[in-house]
Every structure is written in C-alpha cells, then in structure tokens.
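# Coordinate analysis (summary)
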Amino acid sequence: MQDLHLLTVAQTADLLQAKKVSSLELAEHYLARVNKHEGLGAFLACKPETTALAAKAADAKIAAASSSNLAPRLTGVPIAHKDIFVTKDFVTTAGSKMLQGYRSPFDATVVTKLADAGMVTLGKLNCDEFAMGSANENSFYGKVQNPWDTSRVPGGSSGGSAAAVAAGLAPAATGTDTGGSIRQPASFCGITGIKPTYGRASRYGMVAYASSLDQAGPMARTAEDCALLLSAMCGADLDRDSTSLDLPPEDFSRGLNDSISSLRKLQGLRVGIPKEFFADGLASDVRTAIDTALAELEKLGAKLVPISLPRTELAIPVYYIIAPAEAASNLSRFDGVKFGHRAADYKDLSDMYKKTRTEGFGEEVRRRIMIGNYVLSHGYYDAYYLQAQRIRRMIADDFQQAFKNCDVIAGPVAPSVAWKLGDKDRKPLDDYLADIYTLPASLAGLPGMSIPVGFGEGNMPVGMQLIGNYLQEGRLLNAAHQYQLATDWHTKLSPLMTGGAA
Amino acid sequence: MKNAQTTTTQKSLLVQGFEVVIGFETHAQLSTQSKIFSRAPTAFGAEPNTQACPVDLALPGSLPVMNVGAVERAIRLGLALGSHIAERSVFARKNYFYPDLPKGYQISQFEIPVVQGGEVSFFLGDEKKTVRLVRAHLEEDAGKSLHEDSTLGGGGMSGIDLNRAGTPLLEIVTEPDMRSSAEAVAYAKELHKIVTWIGICDGNMQEGSFRCDANVSVRRPGEPLGTRREIKNLNSFKFMQQAIDFEVRWQIEQLEDGKAIEQATVLFNPDTGETRAMRTKEDAADYRYFPDPDLPPLVIGRDWVEQVRGEMPELPRVMAERFQTQYALSEYDATALTSSVAFAGYFETATKACGQPKLVSNWLAGEVSRRLNQDEASIEACPVSHTQLALLVSRIADGTLSNNAAKQVFDVLWTDGGDIDAIIEAKGLKQMNDSGALTKIVADVIAANPKNVDEFKAGNAKALNALVGQIMKTSGGKANPAQVNALLKNALA
C-alpha cells in the first residue's frame, strides 16, 4: 500500500484493528519517507530497529486481541515526538548544542502514556532551541522547511512536528505550546493541533522552557485524530508534576458528534469574535480566510458574538517578561557540570560557566536568558516581573468576562501565512509581535487549537484559532470536528504528501 | 528587627563598654526518609551520588513534588514554638551558580514562609530568657563540593557529591535578641533540644543535621544596631562560643581603632580559634528570587494543623512544669530531667515503679549522669535499666541499703549487671535494721566513751558525730545511720 501516509490516525487505527495492515508495514513505510525527505529537516533522530521492535510488539497485541478483549484503539499507530520530550530510546537535544548526544534515563510521562496506548515511536522531531522561536530557525540542528513551500518556514517552535505531519512523514506528532508553539506551526503547515488547559498533560519529561506556560498537545491532520491522541496524552501525574490537574482520564472522542440539532450541528454555539484579533496588523489574505470560516460556522448554526479582549496587545510584553524570566532560571542547570556540553578550555569555574553557556546556547536562547535575568534582578523585579504577573491575571479575567457571553472564541492564529526562510529583514521583535493572537490564551492557561480554514498568499495554509474556557477541550474538538465534516480544508495535501510514490 | 531596641532594656552584659547583639539562623535537617522534592533517600554517609535521583540531579524534564512529611515537621516546629503557621506559603527560587547546586537555583521560601513568629525560652543560669523568632522556612539543601582532601576530588579537580542535594531543611531565623555568647549557646542548645524532642531533626551536629549561623554586631549602649558579620556553619556548641567571643573582640578592636565594620560573611577556623571574612557585601549575589512556577502555593488547612497538634508529644517546658507539681520537684531538677525525651521518659518510668521521685531525680542527676558523662553515652545507652534503678531506689527507701551501699550495687550493675538482691546478699551490704542488736551496740559505745558523752551533754554537738562514727565502725558499716541517730539521741536525752 503506497498511500498509507495519506491516512488519518483514525483510519490507520481502523486498518490495524481489522488486521488489513501491520504496524511494522506502517513503520517501514513512514521511515522510508523520513529518509526520502531528509532535506525537510523535520527529524533529528530515528532508530529503525527500536521502532521495528515496538511495531512488532503492537502487531502481537493486535493478533492476541479478541472481540471481547480489544487492543487499545491507537495500538500500532506510528507517532513522532518533538525533541523537547525526553526519551530513553532516543537522544534528546531540545534543538540545542547544549544537549548534543544527551540520553535521558527516563521517558516523559506523555511519551510513556502514548506508548502505553500502543503507539509506535518513529523518532524525534526538530524544534526551535529549547522551544524558543516562531519559525524553527533557531535549532542548532538546522532549519525545517515548510512542506507546502520549502522556501518558507514551518512555524515554531514545534516546526518539525508540523512539517512531519504535513509532509506525511508521520500520521501524528507531539508538540509543546508555551506561547503558541503548537497552534502557529499547525496553522502554517495546514494541519490540526490542540494545546489543552494548562495542567491537563503532565510536564514531567518536557525540557522546561517557561514552566507556568508549557503544555503538551497533539498535532495531526484532523480534530478527530487530535481527540484520540489527546485522550491518551492527558491525565493526572501528581507524583511527578505538582502542576498536574487532579482529574480522571477523559475520552475527548466521545463528544465529537454531540449536537442538539441533527441538521445544524453547531446549533446554539455562541462563538465570540474578539475585535482586537481583527485590528490593524492582520493580513488581508488571512482575514478573508477566517471570515469565510466564521460564515461556515454560522451556516452550521453557530451564533457569532462580538466580544473584546482589551489587553490583547499587552500579552506580548507580559509574555516576553514572564517566559524569559522562567527560562533564565530553568536553563541555569545547563552549566557544564553534570551533563551536556562543557567548553574544552577554561581558566577557572567562572570561565567554564561563561564559555560553556556561550558555546552551548544559540543567540535567541542567550537573548531570552539576558532578558529574564534583567527583569528578575534587584530593583527591576517589581516594575517588570510583578507588574507582568498582575497584567497576566487581568488577561485571564478578561477571558472570563468574555466567556459569559460565548462558548468558544474564534479568530486567526497568526497575523500572516508562513514567511520566507532566512528573511534577513525580519528582526526578533517581528517574530515576537507575530505571537499576538496565541499569547493571551497561553497566559490565561486556556485550551486553544488551530484548524486549517483555507489558503492565503503564495497558496500557503491559513489556520483558525479556537479558544475554549478551562477544561472545555471537548467543546473545541466538537466544533472543530463538525467544521471539518462540513468542509475539506483539512484534507488538502501538501506537495510533499502527494509528490511521487514513497 | 523592628523591636530590637525595646529588648535592650534588659540588663546587658557589656564587653569593654560595648553591648553584644546576636541573631541566629539555624538550618535543621528534617528527619524525613526521602528528600523534600523527590523520592530519593536521605541516608547520610552513603557512597557519593548514590542517593540522588533525576530530580536531585536536575536532569532535563525533572520536576519537584512536595514531601508532605517535611511540611508536617514544619507544622510541628511552629506548634512547639507558638508560631503562626501560614495557611498559604510560597516556594521561591534563589538563583545562583555553584557546581553543587544542580539546578542553578535553590528552592526555598522567600516572601511568605510557612512558620511565622514564635519564641524560644530557656534559663541562662537563674535568669529566664526569651528569644523571638522571625520565621522558619522550608528549603532544600545543596550537594557537597569535595576538594583535594577527598576521594572524589584531587589532582586539581573537585568532586561533586549530590547525595545531600534536596535534603529537607528548616531555616529558623531569630530576631537579634541575644546579648552574649553564653546566651547564644543556651538558645542554640534549647532549640536543639526542641527539634530533637519533637522528632523533626536527629540533631547530629557532626553530620551537619543542625548548623548554626550567628549574626554578630556590637554597639555602645543606646546606639542603633551596629553592622553585623555572619559567622557561617557553626557545628558545635563549643565552637559557637569560641567563634562569637573571638568575633566580638575583633569587632570591638576595629571600632576602638576607629575602623568601620564592613558587612561580611565569615568562617570560623577551630584550629586557630579565629574568624575570617569569606565575602563582603560588595560581592553579595543578586539571587533574583521569584515564585517557583513548578510548585503551587503550599496550603495548610486548619484541620491538618489540628491533626498534627494531636500527635505532638508533651513539650519539655510543659513537662517540666508538670514534674514540679506532680512530683514536688524543684524547677532546677525538673528542667534537668527534661533535657531529652529519653531522659524524661527514664525518670517517669522509674518513678512510677518505685514511687520515689526525689530519689530517682537525685540518682539521675548524680551517679547516672556522672557515669554517662564518663562514657560519653546518652541515657538510651545506659546499662542500668529504669527497672533496675527503680528497684535500687526502693531498696534505699525501705532501709535495706545505705546510700553508700547503693552506690556499690550501682557500680556492679553498671559494669557487670545482675540481680540487685543477689548483689546485696553477695556483698553483705544489707543495713542492720535490727533494733535489738543496734541498741546493744549503742549502749556499749556510750559506756566506752564517757568523755564524748560528757562533751555532748555540755553542748558540743560535734561530740555526737564521734559516737555515731564509733557505732558505724562497730556495726561494720551496716547500721542504718538514721536509726543510729535516733537511738543515740534517745539514750542521751
């Protein structure tokens, strides 16, 4: 079967359970594609023998299953992990020279949960160094190309994850989202991705960037796939992560088709449209695609409600104070003493620290460490960090005000489609400003997702963002799934997906 | 520090016209089985880096999870010292680079500690002293850097042992309420007694389970507080006193020479008996404290506090007061008996068995303590059990043994053990309580010593002692002295 990579996770799972395809065949098919598209830069590490062993074990589980004792739904389905998740079987680099060749003695909880669900790991995916970036141009291991136009960025920081799924190198991938790192690359690469409520997925085993914001989530082609994957990824992990929410496992697939009307599937859904998300700065091609999608939601019975998130612009400075502050502290452990890179020649301890960290960290990481240490330093803490925390609470309050009048919030994910790789005119600040629509939900800890809703300039995908209230992932996925049942944007394939047989 | 001035009205000991002001910061290592934020064991003395898990090693992706046992111990301390136990306290990161600090920050409490206020009271000689606490906060210990003199270090290299990293600590901070090194040591001893009494710390100072930092300054009476220097890591009461005394003399010399004291951290060298500055305020680090986003605020409900209160042992002060009323002991005796849980327990068990609190107290303060001190042993290792001591005391009380004879029995019990009555029998130590035989000896001695009898009758009370001595000698030391006295007085009346 040459078109295995065109299947969704749900379709793949059905074929596996029906024993029409084996997990080993799938793994070999995908790994062949990974090799073929090495130039895309999406994968950092593969171990075919390890993957084959896991696939064979999955096949044995399915073979041993009976109608009364089914193997878990995702058994044998391949997946690849963002290189932010530590893994025992694969090197974990976090996209940094600092962790070149690093082997973790334990697996991240999310990795363990997906393996327990029967999924087979294809390898590790490129990302911005320590998840800091919006274009995947900050990886020590090279840039990642966008499968829709290889001269463009895939978005970031989960750029490798988005590119791998959009290019058919994996049916699904894990990502992490701190300020938009799942939603924005999903949007740029025309796939579906969801960041759950902060605390839903365990952070244990995620190389920390900004602890109060980091959340893991799935990236795949459809909302249905994301629901399946999210159900397997989430769950309380109180013994390992103190910020994990004490909630029982939830099956997010169950409510995908919930509706009060059999004709208008989103009948009664109040969709909040924040006016600040449609102000100056939003590119007209993106705006057109979003407007069309909103009209489609209305056709499905949803009611569009104008709302305001008045501190949207403030989310940028607030985020770029809090995230670097936490990052500066989180990255202090990379000091050359215990693991990771250590400079070769140094005079004394202080020189060892300086050289190790200057050599081991890339420019953007060093920039954020400096910003972070600055805003935490004596005499500046109140004016920056404390003030940012106050505004962060106000941003969360603004959402609660808004949710009094709506069930979900919809708007663009990013102000533009994916930009060109290596654009010398882009400054770091341009990238920071481009995070404007994803940062507010991150700061509030709310679930958010991106679904493909059309194409803009250069025939590049446009994603629409859906933001829900706390723990309302089911509602988001339901709305997204119904939209995808009514439209076909999510079925559009990148040239790398269709170009030539693998 | 806010009320420091008001406490100086107490009579101060001046040193060369200067008043000494001391505040303490004590790190008490909590007696939990596992570390404060991980499940690695806290065992002391293991092979380097064998008691550290991914969390302690700060491996990427590892996260801290609060050890409830450490919080419970903080609540215990708060209850023992009459502190406020915060319903909500916050863990913060103290950021600095050092090789034995694996994460590059220490998780501690900064703005809102778990234990707030409280006090420690104790006797300094006859005077009751009270030292106010500012706070006690939970934090993790760092690892150890092993330099040239260790198996891990050497050859120009330093070794890092992370076994201690993540060990739970309570840092207990006082107001600058102490006015002499003796008072400081008495405070430290009292605090040491309390933390071991309530079972939150093993108190082993050699192993670093109880480490004190002393903030020392001097001033002319009535002046504002002087600039302080902090003496770090005082791990014995003896060094504590020496270090503070040296530091006080040094500071006074500086001031008398017209030099200013510079705020500094100093180390005490037990070999030279001197303190030496390690770093001054200029090179003090900016720790960039901020709330740790990996740990939600620590919430302690009233019901948890009440549950811990219900499990608390009787505190030494309360127990000493009870001993005074219940057993009619002096405050001095009662305080001595409550020097440790084990000591007090020994006393009460023995007393209940023999009904002689004063005698048991005297024996504990006397022979038992003397022999324990000789052997540098604690009451737990006492070879004479509380049952044996109770029986020995009973034999004194019922007149079988004289005090001297009892000491002989005690010596045998201490070195060889055995059955008390058998020892008395074997050594022939039983007192002569047969009044018939004794009356005859008394009559014989009176008849043989008319001179002494006359002197006594003439008013020389000492003459009676000579007669008693004769009677004791004749009885072979077995006569009951009280009985002898009574019979003599009766015969000479």
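A quick note: this is a predicted structure, and the numbers were derived from the prediction, not measured.

The rules we used
Residues numbered from 1 in each chain as written. Chains lettered and ligands numbered in written order. Predicted model: local features only at pLDDT ≥ 70, side-chain atom pairs only at ≥ 80, totals over all residues. Helix = DSSP H or I, 4+ residues; strand = E, 2+ residues; numbered from the N terminus. Rg over C-alpha atoms; globule rule 2.2 N^0.38 Å. Buried ≥ 20, exposed ≤ 12 C-beta atoms within 10 Å, placed from the backbone. Contact = placed C-beta atoms within 7 Å. Axes fitted to C-alpha atoms, helices over the stretch in contact; angles between N-to-C directions. Parallel < 35°, antiparallel > 145°, perpendicular 65-115°, else oblique. Left-handed = near helix turned anticlockwise from the far one by under 90°. Pairing = 2+ DSSP bridges. Domains from an automatic or database assignment. Nonpolar A, V, L, I, M, F, W, Y, C, P; charged D, E, K, R; others polar. Right-handed = clockwise from strand over helix to strand, strands pointing away. Expected span 1.5 Å × (residues − 1). Arc of directions from axis to C-beta. pLDDT = per-residue confidence, 0-100.

### Description of the overall build of chain B
A tally of regular secondary structure across chain B gives 16 helices and 18 strands. What you see for chain B is a C-alpha radius of gyration of 30 Å, clearly larger than the 23 Å of a compact globule of 493 residues, by over 25%. The dimensions of chain B, computed from C-alpha atoms along their principal axes, are 95 × 55 × 55 Å. By the burial criterion, 39% of the 493 residues in chain B qualify as buried. A sequence separation of at least 24 residues applies to 69% of the contacts in chain B between residues at least 6 apart.

### Observations regarding the overall build of chain A
In terms of regular secondary structure, chain A is built from 16 helices and 11 strands. Taken over C-alpha atoms, the radius of gyration comes to 21 Å for chain A, in line with the 23 Å a tight globule of 502 residues would show. Overall size of chain A, expressed as C-alpha extent along the three principal axes, is 65 × 55 × 45 Å. Burial status across chain A gives 59% buried among its 502 residues.

### A few points about the packing of helix 9 (residues 315-330) of chain A against helix 12 (residues 382-402) of chain A
Residue and element names in this part refer to chain A. Across the interface, helix 9 lies against helix 12 with an axial gap of 9 Å and an inter-helix angle of 125 degrees. Our classification of the angle between helix 9 and helix 12 gives oblique. The two elements helix 9 and helix 12 meet at a crossing, and its hand is left-handed. Contact residues: helix 9 offers Ala 315, Val 318, Ile 321, Ile 322 and Ala 325, while helix 12 offers Tyr 384, Tyr 385, Ala 388, Gln 389, Ile 391, Arg 392 and Ile 395.

### Focus on the pairing of strand 6 (residues 105-109) of chain B
Residues and elements named next belong to chain B. Within strand 6, four of the five residues are buried, which leaves the element mostly enclosed by the surrounding structure. Here five bridges tie strand 5 (residues 91-95) to strand 6, and the two strands are oriented antiparallel to one another. From the neighbouring strand, Ala 92 faces strand 6, where its bridge partner is Ser 108.

### Description of the domain arrangement of chain B
Its domain assignment divides chain B into domain 1 (4-305), domain 2 (315-427) and domain 3 (435-492). Just the C-alpha atoms count here: the centres of domain 1 of chain B and domain 3 of chain B sit 65 Å apart.

### Considerations on the interface of chain A and chain B
If you look at the interface, chain A gives 33 residues, while chain B gives 26 residues. Where the side of chain A that touches chain B is concerned, the elements lending two or more residues are helix 9 and helix 11 (363-376) of chain A. For the side of chain A that touches chain B, the leading source of residues is helix 9 of chain A, giving three residues. Here the side of chain A that touches chain B is built from residues that sort into 13 nonpolar, 12 polar and eight charged.

### Details of the pairing of strand 7 (residues 270-274) of chain A
Residues and elements named next belong to chain A. Where strand 7 and strand 8 (residues 303-307) come together, five bridges link them in parallel fashion. Counterpart to Val 271 in the pairing with strand 8 is Leu 304. Regarding the hand of the β-α-β motif, the stretch spanning strand 7, helix 8 (residues 284-299) and strand 8 is right-handed.

### A word on unusual backbone geometry
Residues and elements named next belong to chain A. Between Gly 156 and the following residue, Ser 157, the backbone shows a cis peptide bond with an omega angle of 5 degrees. By secondary structure assignment, the location of Ser 157 is in the loop between strand 3 (120-125) and helix 5 (159-166). Not every positive phi belongs to a glycine, and Phe 130 is a case in point at roughly 50 degrees. By secondary structure assignment, the location of Phe 130 is in the loop between strand 3 and helix 5. Accessibility expressed as a C-beta count within 10 Å gives 32 for Phe 130, which makes it buried.

### Side note on the environment of Ile107(B)
Residue and element names in this part refer to chain B. Residue placement: Ile 107 occurs in strand 6. For Ile 107, a count of 20 C-beta atoms within 10 Å corresponds to the buried category. Those residues in contact with Ile 107 that lie beyond four places of it in its chain are Phe 37, Pro 64, Phe 91, Arg 93, Glu 139, Glu 140 and Asp 292.

### What about helix 2 (residues 68-80) of chain B?
Residues and elements named next belong to chain B. With 13 residues, helix 2 extends 19 Å between its outermost C-alpha atoms, agreeing within 8% with the 18 Å of an ideal straight helix rising 1.5 Å per residue. Judged by how many residues are buried, helix 2 sits mostly within the fold: 10 of 13 residues are covered. Residues of helix 2 that are buried: Ala 70, Val 71, Arg 73, Ala 74, Ile 75, Arg 76, Leu 77, Gly 78, Leu 79 and Ala 80. In the stretch just after helix 2, Gly 82 is the one whose phi turns positive, near 65 degrees.

### Regarding the packing of helix 13 (residues 435-448) of chain B against helix 16 (residues 481-492) of chain B
Residues and elements named next belong to chain B. Direction vectors running N to C along helix 13 and helix 16 enclose 55 degrees, while the axes themselves pass 10 Å from each other. Between helix 13 and helix 16, the interaxial angle falls into the category oblique. As helix 13 packs across helix 16, the resulting crossing turns out to be right-handed. On helix 16, the residues that touch Ser 435, Leu 438, Thr 439, Val 442, Ala 443 and Ile 446 of helix 13 are Gln 483, Val 484, Leu 487, Leu 488 and Ala 491. The class makeup of the residues in the contact of helix 13 with helix 16 is eight nonpolar, three polar and no charged.

### Some details on the sheet that holds strand 17 (residues 290-291) of chain B
Pairing is antiparallel across the open sheet formed by three strands, whose spatial order is 6-5-17 (chain B). A single partner strand is all that each edge strand has here, and the edge strands are strand 6 and strand 17 of chain B.

### Digging into the environment of Ala443(B)
Mapped onto the secondary structure, Ala443(B) falls in helix 13. A sequence separation of 35 residues divides Ala443(B) from Lys478(B), and the C-alpha atoms of the two residues are 17 Å apart.

### Here we look at helix 3 (residues 48-64) of chain A
Residue and element names in this part refer to chain A. Helix length check: helix 3 (17 residues) gives 24 Å between terminal C-alpha atoms against 24 Å at 1.5 Å per residue, within 8%. Along helix 3, the positions that sit buried rather than exposed are Thr 51, Ala 54, Ala 55, Ala 58 and Asp 59. Down the axis of helix 3, the sector holding all buried residues measures 145 degrees, keeping them to one side. Facing away from the buried side of helix 3 by more than 90 degrees, the exposed set consists of Glu 49, Ala 63 and Ala 64. Along its buried surface, helix 3 packs onto helix 2 (23-36) and strand 3.

### Notes on the environment of Ala479(A)
Residues and elements named next belong to chain A. One can find Ala 479 in helix 15 (residues 473-486). Taking the C-beta count within 10 Å as the criterion, Ala 479 has 27 such neighbours and is therefore assigned buried. Not counting residues up to four positions away in its chain, the partners in contact with Ala 479 are Leu 266, Leu 269, Val 408 and Leu 466.

### Section: the confidence of the model for chain B
All names here are of chain B. Predicted confidence across chain B gives a mean pLDDT of 91, with 95% of residues reaching 70 or more. Confidence drops under a pLDDT of 50 for residues 1-10, and excluding neighbours within four residues, the segment shows seven contacts in the predicted structure. The complex prediction reports pTM at 0.90, with the ipTM value standing at 0.96.

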